[in-house]
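# Working through the structure, step by step
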Amino acid sequence: MLLFILQITLTAVFAQETNNATDKDAAYTLAITNRTEKIVQTLEISDSSKAKRVTNIIAGQYRNLSTVHAQRDDQIKLIKEKDLSKEISDSQIKAVQEITDKKLQGLHNSFLTALSNELSQEQVTKVKDGMTYNVLNVTYTAYTGMIPSLTKKQKDQIMNWLVEAREHAMDAESSEKKHAWFGKYKGKINNYLSAEGYDLKKEREAWQHRIKETETAKKQVNSADNIN
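Not measured: the values here are computed from a predicted model.

With that settled, the discussion passes to empty space enclosed by the protein. If a probe the size of a water molecule is rolled over the atoms, the empty space left behind becomes visible. This structure, assessed with the given rule, holds one cavity of 30 Å³ or more. Within this model, the largest cavity holds a volume of roughly 40 Å³. Surrounding the largest cavity, V68, Q71, R72, Q75, V96, I99, T100 and K103 form its lining. Secondary-structure elements contributing two or more residues to the lining of the largest cavity are α2 (48-81) and α3 (86-116).

Structural data, given as structure tokens:
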């Protein structure tokens, strides 16, 4: 009798775990599908068959990236659970990360090749921006707005670094990690601009002052329109 009860209990636990895993996977599938469809909408693809293929490519990339990151996390967790010295543990974790980076680069290259077979270069760029919350364009606009006197060479350097950041951010596993890549490259940009002779604190203060002046002017115009 006790064995029978134990079997029922174990079966119920297993069923619950299976249901939880299924629910979690369904929620994840819905999330990446919604995210992907929003990106594809920006591409203005008139061919519904092509739109579906592109949707599947992007959603597949999200799922593939998730799998690789999960495998890395599981391996690192196992290493940390072992009774290893910090030196050996760090070395093994580093090796796992290096293997993960190679896998991610392979996925990255295959993904862009698949997209390029379906889309124009401009559309591929829109996909990249969609996968990274358009941080590149927002950041570039902020720098050029903050420092109007930037030369073409300086603007090109800023853009090149932001493009590089976007390539890394595309493969990151979370919004936080994606923004962290841009944060890393913004540090490079700030150091570069400082070396070029810009006082970023003063430039930022002057920029904020210009924004306030513009906002004040808009409010005055709106008030005058309301009177009329």
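Now, onward.
Using the criterion set out here, one finds one aromatic pair in the structure. Between the aromatic rings of W161 and Y192, the centroid separation amounts to 5.5 Å while the plane-to-plane angle is 80°, which identifies the pairing as edge-to-face. Here W161, found in helix α6 (residues 152-169), pairs with Y192, found in helix α7 (residues 175-195); they are 31 residues apart in sequence, far enough to count as distant. Summarising the burial analysis for this pair, W161 and Y192 share the class buried. Cation over ring: R35 sits above Y62, and NZ or CZ is 4.9 Å from the ring centre.

Residues I147, I158, F182, I189 and L193 are the most contacted members of the largest nonpolar core, which totals 18 residues. In this structure I147 touches L193, Y198, L200 and E203, once residues within four positions along its chain are discounted. Counting 17 residues, the second largest nonpolar core, distinct from the first, contains I32, I39, F111 and M131.

It is worth spelling out the environment of Y140 at this point. Tracing the backbone shows Y140 in helix α5 (residues 135-146). Between the C-alpha atom of Y140 and that of L162, which follows or precedes it by 22 residues, the distance is 7.7 Å. Those residues in contact with Y140 that sit more than four places away from it in its chain are K155, I158, M159 and L162.

Procedures and definitions
- Residues numbered from 1 in each chain as written.
- Predicted model: local features only at pLDDT ≥ 70, side-chain atom pairs only at ≥ 80, totals over all residues.
- Heavy atoms only, no water.
- 1 Å grid on protein atoms, 1.4 Å probe; cavity = no way out; pocket = protein on both sides within 12 Å on 5 of 7 lines; lining within 4 Å.
- Points joined across faces, edges and corners; volume = space filled by probe spheres on them.
- Helix = DSSP H or I, 4+ residues; strand = E, 2+ residues; numbered from the N terminus.
- Phe/Tyr/Trp six-rings, centres within 6.5 Å; stacked < 30°, edge-to-face > 60°.
- Buried < 20%, exposed > 50% of the residue type's maximum accessible area, 1.4 Å probe, protein only.
- Lys NZ or Arg CZ within 6 Å of the ring centre and 35° of its normal.
- Core = buried A, V, L, I, M, F, W, Y, C linked by side-chain atoms within 4.5 Å.
- Contact = heavy atoms within 4.5 Å.

Shape is all these values report; function is a separate question.
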